[in-house]
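Read off the chains here:
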Amino acid sequence: MGRPRKRVSGPLASLDSPYRSWLAAQGFTPGTINDVIFHLDGLSRFLEREQLAVDQLTPERVQQFEHERVAAGYCRRWARCARLPLRFLREVGAAPGIPQPASADGPGERVLVDYRRYLECERALVEGTISRYVRIARLFLEDCEANGVAVEDLSAADVSGFLARECPKRNVPAARNLACGLRPLLRYLHVGGVISTPLRWAVPPAAQLRDRSLPRGLDAATMAKLLASCDRGRAVGRRDYAILLLMARLGLRAGEVAALALDDLDWRSGEIVVHGKGNREDRLPLPVDVGEALVSYLRDRSRTDSKIVFTRVLAPAGPLGRGVKSVVPTACERAGLPVVGAHRLRHTAATGMLNAGASLPEIAQVLRHSQLRTTAVYARVDRKALRPLGLPWPGAQP
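Since we're looking at a predicted model, the values are computed, not measured.

S.K.: So what exactly am I meant to see when it comes to the overall build of the protein chain here?
M.R.: When helices and strands are counted, the protein chain shows 18 helices and three strands. Every one of the 398 residues in the protein chain was classed for burial, and the buried ones make up 39%. Expressed as a percentage of contacts within the protein chain between residues at least 6 apart in sequence, the contacts between residues at least 24 apart total 55%. Of the accessible surface of the protein chain, which amounts to about 23,000 Å², a share of 53% is contributed by carbon and sulfur atoms.

What follows is the structure, given as structure tokens:
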């Protein structure tokens, strides 16, 4: 006999069947649905105990429910069980959506609106970068307002004072990101005529360590172990194998792999469309081994309406998204290798092309670098080409 069917009680009892159908559409198996329905039942009992209607399920109430679950002894993964039913309740319109921040009519808010438009239209940045820059800009403008400094009266001392107050609160990478995110705002304020002085020069340069060491790619033996760690008899193994090949053979970034859509694969011409930085699109030849890995994965890909190539194997169904970044570290752990990030495979592709005799302009074209000086760092990796250039010290004996 199977396990008894769990039922939802309380004010959300009428949503039992719709929730089960929604879970099935998300890719959950019947056994898992019977377990996950426990989350909706717990949330329904919470509403009944607090005498709340479902439209009163605010983020504060959801947080209260999760805290009560932790206090009751549930692990944090189960304490966050309200997130899946809450997503369902918002989709069907039963629970209120995520509240949007109130728009202000102050000069700082108007600057942020125009700044976002500038980043979208003039700079052609992606949404993730725009959100980060706007968040830093909001922090800077709020700091100026708190210190009684008008935007049009900004000076280098105000910029330095802001960094002196904020950088000690962060670690080195976060402080570097803060400084890098502040320069575009100061550039925009000067170009837009808000300030008369180009204050982006007032932001001190962050310690640049990337050019002090050689870009390190993985050798052939290590790369072979990494690929062999993928169990290609399973759907997740075929997916991870294709992701690793795209990064190691074509030098794709993790975000470019995550954005890859079915329409970007031109099987007839043997090409792939890559959506890179700055909303640019480039066509690259699709190597035979990469194409075969993609075909092997797509034949048994999870059923989903998404046009994105790489999706989650486990429910809820949908694009893999940021999970692409974790594929490389997970493969390193399976293979018993030191854990490296996804960008190391991009270095592997570049150093592999260099060792095969490709020129720097050819490597720049594959890696889609906008400037050749970005690719020039790989010239120091080619020790064989640099060795004949070494000259003896003047006056030294042969």
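Further notes follow.
S.K.: What am I meant to see in the pattern of salt bridges here?
M.R.: Oppositely charged side chains are able to pair whenever their charged atoms sit close together. By the definition in use, this model includes 21 salt bridges. Across the salt bridge formed by arginine 87 and glutamate 91, the nearest N and O atoms sit 3.5 Å from each other. Placement of the pair is arginine 87 and glutamate 91 together in helix H5 (residues 83–91), with a separation of four residues, close to one helical turn. One salt bridge connects arginine 334 with aspartate 240, and the closest N-O pair in it is separated by 4.0 Å. Here the residue arginine 334 occupies a position in helix H14 (residues 327–335), and aspartate 240 occupies one in helix H11 (residues 235–250), the gap between them amounting to 94 residues. The network of salt bridges with common partners includes Arg116, Glu120 and Glu127.

S.K.: What exactly am I supposed to notice about the pairing of strand S2 (residues 271–275) here?
M.R.: A regular strand carries its side chains on alternate faces of the sheet. In this sheet, S2 lies alongside strand S1 (residues 265–266) in antiparallel orientation, the contact comprising two bridges. By the bridge assignment, aspartate 266 is partnered in S2 with glutamate 271. Hairpin connection from S2 to strand S3 (residues 281–285): five residues lie between these consecutive antiparallel strands, with glycine 278 at a positive phi of about 65°.

S.K.: Hey, could you run me through the packing of helix H1 (residues 16–25) against helix H2 (residues 30–50) in this one?
M.R.: Angle between the axes and distance between the axes: these two values describe a pair of packed helices. At their nearest, the axes of H1 and H2 sit 11 Å apart, and the two run at 130° to each other. In this view, H1 runs oblique relative to H2, as classed from their interaxial angle. Considering the relative orientation of H1 and H2, their crossing is right-handed. Along its contact with H1, which presents Asp16, Tyr19, Arg20, Leu23 and Ala24, the element H2 presents Ile33, Asn34, Val36, Ile37 and Leu40. Residues that form the contact of H1 with H2 fall into these classes: seven nonpolar, one polar and two charged.

S.K.: Explain the sheet that holds S1 to me, please; I cannot follow it from the model alone.
M.R.: What holds strands together in a sheet is hydrogen bonding between their backbones, with the strands either parallel or antiparallel. Strand order in the open sheet formed by three strands is S1-S2-S3, and the pairing between neighbours is antiparallel. Only two strands of the sheet have a single partner each, and these edge strands are S1 and S3.

S.K.: What is the right way to look at the nonpolar core in this model?
M.R.: If you look at soluble globular proteins, the nonpolar side chains tend to sit buried side by side. The biggest cluster of nonpolar side chains holds 40 residues, and the ones touching the most others in it are Leu226, Leu244, Leu246, Met247, Leu294 and Phe310. When residues of this core are assigned to their parent elements, the largest contribution, nine residues, is made by H11. Apart from residues lying up to four places away in sequence, leucine 246 is in contact with Gly251, Leu252, Val257, Leu260, Ile272, Val290, Leu294 and Phe310. Phe140, Leu178, Leu189 and Ala202 belong to the second largest nonpolar core, which has 30 residues in total.

S.K.: I would appreciate a short explanation of H2 in the present structure.
M.R.: Think of an α-helix as turning once every 3.6 residues; residues three or four places apart then point the same way. Across its 21 residues, H2 extends 31 Å between first and last C-alpha, which sits within 8% of the 30 Å expected from 1.5 Å per residue. Regarding H2, the residues found buried are Ile33, Asn34, Val36, Ile37, His39, Leu40, Asp41, Gly42, Leu43, Ser44, Phe46 and Leu47. At the exit of H2 stands glutamine 51, carrying a positive phi of roughly 55°.

S.K.: In this structure, what is going on with the packing of helix H7 (residues 127–146) against helix H8 (residues 156–166)? I would like to understand it.
M.R.: It is the contact of H7 with H8, at a shortest axis distance of 11 Å, that shows an interaxial angle of 110°. Overall, the two elements H7 and H8 adopt an arrangement that is roughly perpendicular. Across the interface between the two elements, Leu139, Phe140 and Asp143 from H7 touch Val159, Phe162, Arg165 and Glu166 from H8. The class makeup of the residues in the contact of H7 with H8 is four nonpolar, no polar and three charged.

S.K.: Explain the packing of aromatic side chains to me, please; I cannot follow it from the model alone.
M.R.: A ring pair, where both rings are aromatic, is described by two values, the distance of the centres and the angle of the planes. The final tally for this structure, using the stated rule, is nine aromatic pairs. On the basis of an interplanar angle of 55° and a centroid distance of 5.3 Å, the ring pair of phenylalanine 46 and phenylalanine 65 is categorised as tilted. Residue phenylalanine 46 is located in helix H2, and its partner phenylalanine 65 is located in helix H3 (residues 59–71); the two are separated by 19 residues in the primary sequence. The exposure classification of phenylalanine 46 matches that of phenylalanine 65, with both residues buried. Measuring from ring centre to ring centre gives 6.4 Å for tyrosine 115 and tyrosine 118, while their planes differ by 20°; the resulting arrangement is stacked. Of this pair, tyrosine 115 and tyrosine 118 both sit in helix H6 (residues 107–121), separated by three residues, roughly a single helical turn. The two residues tyrosine 115 and tyrosine 118 agree in class, both being buried. Grouping aromatic residues by their ring pairs yields a cluster made of Tyr19, Trp22 and Phe88.

S.K.: So what exactly am I meant to see when it comes to the confidence of the model for the protein chain here?
M.R.: Caution applies to low-pLDDT regions: their predicted coordinates should not be interpreted in detail. With 86% of its residues at a pLDDT of 70 or more, the protein chain shows a mean pLDDT of 84. Highest mean pLDDT in the protein chain belongs to S1 (96); lowest belongs to helix H18 (residues 383–386) (51).

S.K.: Looking at this structure, I do not really get helix H9 (residues 172–191). What am I missing?
M.R.: Along its 20 residues, H9 runs 29 Å from first to last C-alpha, staying within 8% of the 28 Å computed at 1.5 Å per residue. Restricting attention to buried positions, one finds in H9 the residues Ala175, Leu178, Ala179, Gly181, Leu182, Arg183, Pro184, Leu185, Leu186, Tyr188 and Leu189. For H9, the side-chain oxygen to backbone nitrogen distance between the N-cap and alanine 174 is 2.9 Å, and the N-cap itself is asparagine 171. Of the residues one or two after H9, glycine 193 is the one with positive phi, at around 80°.

What counts as what
- Residue indices follow the written sequence of each chain, beginning from 1 at its first position.
- The predicted origin of the model limits local features to residues at a pLDDT of at least 70 and limits the giving and counting of side-chain atom pairs to 80 or more, whereas totals for whole chains, interfaces and linings rest on all residues.
- Remark: hydrogens and water are excluded; side-chain values derive from all non-hydrogen atoms of the structure.
- Only runs of H or I of at least four residues qualify as helices and only runs of E of at least two qualify as strands under DSSP, and these elements are numbered from the N terminus.
- Accessibility here uses a 1.4 Å probe with only protein chains present; expressed as a share of the type maximum, an area under 20% marks a residue as buried, one over 50% as exposed, and anything in between as partly exposed.
- In what follows, a contact means two residues having at least one pair of non-hydrogen atoms within 4.5 Å.
- Surface accessibility follows the Shrake-Rupley procedure with a 1.4 Å probe radius. Residue values consider only the protein chains on display as shielding.
- Salt bridges are defined as contacts in which a side-chain nitrogen from Lys or Arg sits within 4 Å of a carboxyl oxygen from Asp or Glu.
- Here the rule is simple: two strands pair whenever DSSP picks up at least two bridges between them.
- Lines fitted to C-alpha atoms define the axes here, with helix axes fitted over just the stretch in contact, and angles between the N-to-C directions of these axes take values from 0 to 180 degrees.
- Small angles under 35 degrees read as roughly parallel and large ones over 145 as roughly antiparallel, with 65 to 115 read as roughly perpendicular and the rest as oblique.
- Put simply, a crossing is left-handed when the front helix is turned counterclockwise from the back one by less than a right angle, and right-handed when it is turned clockwise.
- Here the nonpolar group is Ala, Val, Leu, Ile, Met, Phe, Trp, Tyr, Cys and Pro; Asp, Glu, Lys and Arg are the charged ones; every other residue, Gly included, is treated as polar.
- Nonpolar cores were defined as sets of buried Ala, Val, Leu, Ile, Met, Phe, Trp, Tyr and Cys residues, with membership established by side-chain atoms within 4.5 Å.
- Take the residue count of a helix, subtract one, and multiply by 1.5 Å to get its expected span.
- Pairing of aromatic rings covers Phe, Tyr and Trp, the last counted by its six-membered ring, and requires centre-to-centre distances within 6.5 Å; plane angles under 30 degrees mean stacked, over 60 mean edge-to-face, and any other angle means tilted.
- A residue's pLDDT is simply how confident the predictor is in it, with values from 0 to 100.
- Think of a polar contact as two N or O atoms within 3.5 Å of one another; within protein, one of them needs to be a possible hydrogen donor and the other a possible acceptor, and neighboring residues in sequence only count if both atoms come from side chains.

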